[in-house]
Amino acid sequence: MSGNPASKEASALIGNVVQGEVYKNNQFVFVRGENTPKDKDTAGEPKDFWVARILQVRAKNAQHVYALIAWLYWPEELPPPAVKAADQESRESGKRKYHGSHELIASNYMEVLDVLSFAGKAEVFHWLEEDDNLQHKLYWRQTFCRETQELSVSVEFKVLDFC
């Protein structure tokens, strides 16, 4: 048998609270990159950060807390497809003309991160395109498969931009 159940439970509780923030499964977070200043506030430009969805939080102790995350891409970060798509904005990226300025693309690309790289929680909503009343700033509607390098097909393409 490995470890006692009480210590595993304590580890799980420690893993959810980091620098005063409580992180839970299925929450979205802003992640600092190597070039993101440590004092950069997430209330500014969201595109200064990477965005991820927390799948699971684990802790060895209070100083070693890690999260399994799935990355979301900004459209400009998508790799270009092997064959240029008719609605592709440029040859350098996989961004399509219908992608909105606050749109993210969910992916199956997973990594384990130290939660100290988190810059804070992000409000990201799944937009079902039948709903014309999207009230939120950041949203996702498509997925990107890292293995095939393909975007999912969307029901209907609408461009949403917020002021």
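About the criteria used
- Residues numbered from 1 in each chain as written.
- Predicted model: local features only at pLDDT ≥ 70, side-chain atom pairs only at ≥ 80, totals over all residues.
- Heavy atoms only, no water.
- Phe/Tyr/Trp six-rings, centres within 6.5 Å; stacked < 30°, edge-to-face > 60°.
- Helix = DSSP H or I, 4+ residues; strand = E, 2+ residues; numbered from the N terminus.
- Buried < 20%, exposed > 50% of the residue type's maximum accessible area, 1.4 Å probe, protein only.
- Lys NZ or Arg CZ within 6 Å of the ring centre and 35° of its normal.
- pLDDT = per-residue confidence, 0-100.
- Contact = heavy atoms within 4.5 Å.
- Core = buried A, V, L, I, M, F, W, Y, C linked by side-chain atoms within 4.5 Å.
- Polar contact = N/O pair within 3.5 Å; in protein donor to acceptor, adjacent residues only side chain to side chain.
- Pairing = 2+ DSSP bridges.

(A) Layout of the packing of aromatic side chains. All told, the structure shown has five aromatic pairs when counted by the stated rule. Aromatic side chains Phe30 and Phe49 sit 5.6 Å apart centroid to centroid with 50 degrees between the ring planes, which places their arrangement in the tilted category. In this pair, Phe30 is assigned in strand E3 (residues 28-31) and Phe49 in the loop between E3 and strand E4 (50-61), connecting sequence segments 19 residues apart. On the basis of relative accessible area, Phe30 is assigned to the buried category, the value being 6%. Of the residues examined, Phe49 reaches a relative accessible area of 1% and is grouped as buried. Between Trp50 and Trp71 the ring centres are 5.8 Å apart and the planes differ by 80 degrees, which places this aromatic pair in the edge-to-face class. Separated by 21 residues along the polypeptide, Trp50 in strand E4 and Trp71 in strand E5 (residues 64-73) bring together distant segments of the chain. Using a relative accessible area of 32% as the deciding quantity, one classes Trp50 as partly exposed. We classify Trp71 as buried; its relative accessible area is 10%. The ring of Tyr109 carries Arg146 above its face, with NZ or CZ at 3.6 Å from the centroid.

(B) Representation of the confidence of the model for the chain within the structure. Put simply, the chain has an average pLDDT of 80, and 73% of its residues get 70 or more. When pLDDT is averaged over each helix and strand of the chain, the minimum, 46, is found for helix H1 (residues 5-16) and the maximum, 96, for strand E6 (residues 103-114). For residues 1-15, every residue scores under 50 in pLDDT, and the model assigns this stretch ten contacts once sequence neighbours within four places are set aside.

(C) Local environment of unusual backbone geometry. Positive phi is not limited to glycine here, since Asn26 has a value of about 75 degrees. Relative to the assigned elements, Asn26 resides in the loop between strand E2 (21-22) and E3. The exposure class assigned to Asn26 is partly exposed, which follows from its relative accessible area of 47%. The backbone phi angle of Gln149 is positive, close to 60 degrees, even though this residue is not glycine. Mapped onto the elements of the fold, Gln149 is located in the loop between strand E9 (138-145) and strand E10 (150-151).

(D) Structural detail: the environment of Thr148. Among the secondary structure elements, Thr148 is positioned in the loop between E9 and E10. Exposure remark for Thr148: the relative accessible area of 47% places this residue in the partly exposed category. On a C-alpha basis, the gap between Thr148 and Pro81 in space is 9.7 Å, while along the polypeptide they are 67 residues apart.

(E) Structural detail: the nonpolar core. The biggest cluster of nonpolar side chains holds 14 residues, and the ones touching the most others in it are Val29, Val31, Ile54, Ala67, Ile69 and Phe118. Counting only elements with at least two residues in this core, the list comes to E3, E4 and E5. The contacts of Ile54, once residues within four sequence positions are left out, are Tyr23, Lys24, Asn25, Asn26, Gln27, Val29, Ala67, Leu68, Ile69 and Phe118. One finds Phe28, Leu72, Leu104 and Leu138 within the second-largest nonpolar core, a separate group that totals 13 residues.

(F) How the structure looks around the side chain of Ser93. Counting through the fold element by element, Ser93 comes out in the loop between E5 and E6. Of note is the side chain of Ser93, whose polar atom sits 2.9 Å from the backbone nitrogen of Lys95. When residues no more than four places from it in sequence are discounted, the contact partners of Ser93 are Pro75, Glu76, Leu78, Pro79, Pro80 and Gln88.

(G) Focus on the pairing of E9. Counting buried positions along E9 yields six of eight residues, so the element is predominantly enclosed. In this sheet, E9 lies alongside E6 in parallel orientation, the contact comprising five bridges. Along E9, the bridge assignment pairs Glu103 with Tyr139. By the bridge criterion, three bridges tie strand E8 (residues 124-126) to E9 in an arrangement that is parallel. Across the sheet, the residue bridging to Phe125 is Tyr139, located in E9. Inspection of the sheet shows E9 paired to E10 by two bridges, in the antiparallel sense. Within the sheet, the bridge partner assigned to Cys145 lies in E10 and is Glu150. In this structure, the hairpin formed by E9 and E10 is closed by a connection of four residues, where Gln149 is found at a positive phi of approximately 60 degrees.

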